[in-house]
Amino acid sequence: MTKHLTSFIVLILISVSGILMNNYWISNKANPYLYNSVSNVPTNKVGLLLGTGKFLANGSINHYYTYRLIAAIKLFKAGKIDFILVSGDNSRTDYDEPTTFKHDLIAAGLPEEKIYLDYAGFRTLDSILRARDVFGLYSFTIISQKFHNERAIYLAQSHGLNAIAFNAEDIKSYFAIKTRLREYLARVKSSIDLLFNVQPQFLGKKIDIR
């Protein structure tokens, strides 16, 4: 019994160490490509705005959404990007991340013709690779919170893409703590996806952003 317990504890320690090392590796690899200041971020033709829901389960506003929206608007109005590609989940008729973002971007004064939508960005990997394979982008600016940008940059750089990222404002709350914990596992999944060369769930016809 003691032998089995010891083996179990050792296995847990190895797993936790692996998760922490993977997390550090991804953050370290992504760090040179992250920007916090609008004035310092290089210009790119397209900003890839990673989707999230506007509302939480309790009906309140999702601040991750709000801050990503604000970040995209700032980059566009500062001339740091010419177009915005919103990539998110539209897997249900009652849930449409890209269109919701589009409506709010237009309400903020951005021209509709400067906004493109990717309805099959179900995961970060899908958003990154569809930006390349569907929209023909090899250089772009990712827009999300820092923890998410780190994983997105890791995926983009690993696939040979010249991507940078602009960090939207983060949030501090119990919800944020749960999100960070899930991020550890999401990063493990990302590394596994790279190992097995996992591809997007859907591709489709080419779309030129111009």
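Preceding this paragraph is the structure being described.
Report follows, based on the coordinates. (Residues numbered from 1 in each chain as written. Predicted model: local features only at pLDDT ≥ 70, side-chain atom pairs only at ≥ 80, totals over all residues. Heavy atoms only, no water.)

## Describing helix H2 (residues 63–77)
- Given a rise of 1.5 Å per residue, 15 residues ought to cover 21 Å, and the 21 Å separating the end C-alpha atoms of H2 matches this to within 8%.
- Buried within H2 we find Tyr-64, Tyr-65, Tyr-67, Arg-68, Leu-69, Ala-71, Ala-72, Ile-73, Leu-75 and Phe-76.
- A side-chain oxygen of the first residue of H2 lies 3.0 Å from the backbone nitrogen of Tyr-64; this N-cap is Asn-62.
- Note on H2: the residue one or two positions beyond its end, Gly-79, has a positive phi of about 75°. (Helix = DSSP H or I, 4+ residues; strand = E, 2+ residues; numbered from the N terminus. Expected span 1.5 Å × (residues − 1). Buried < 20%, exposed > 50% of the residue type's maximum accessible area, 1.4 Å probe, protein only. Polar contact = N/O pair within 3.5 Å; in protein donor to acceptor, adjacent residues only side chain to side chain.)

## Remarks on the packing of H2 against helix H3 (residues 97–107)
- Viewed as axis vectors pointing N to C, H2 and H3 meet at an angle of 50°, and their least axial separation amounts to 11 Å. Classified by the angle between their axes, H2 and H3 sit oblique to one another. Crossing of H2 over H3 shows right-handed handedness. Residues Tyr-65, Arg-68, Leu-69, Ala-72 and Ile-73 of H2 pack against Thr-100, Phe-101, Asp-104 and Leu-105 of H3.
- Of the residues contributing to the contact of H2 with H3, the split by class is 6 nonpolar, 1 polar and 2 charged. (Axes fitted to C-alpha atoms, helices over the stretch in contact; angles between N-to-C directions. Parallel < 35°, antiparallel > 145°, perpendicular 65-115°, else oblique. Left-handed = near helix turned anticlockwise from the far one by under 90°. Contact = heavy atoms within 4.5 Å. Nonpolar A, V, L, I, M, F, W, Y, C, P; charged D, E, K, R; others polar.)

## A look at the nonpolar core
- One finds Leu-49, Ile-84, Val-86, Leu-105, Leu-110 and Ile-143 to be the most contacted residues of the largest nonpolar core, which totals 26 residues.
- Those elements that provide at least two residues to this core are H2, strand S3 (81–87), H3, strand S4 (115–118) and strand S6 (162–168).
- Per-element accounting of this core gives the leading share, 9 residues, to H2.
- With sequence-adjacent residues up to four places away left out, Ile-84 is seen in contact with Gly-47, Leu-49, Ala-72, Phe-76, Leu-105, Leu-110, Lys-114, Ile-115 and Tyr-116.
- Val-134, Phe-135, Leu-137 and Phe-140 belong to the second-largest nonpolar core, a separate cluster that totals 25 residues. (Core = buried A, V, L, I, M, F, W, Y, C linked by side-chain atoms within 4.5 Å.)

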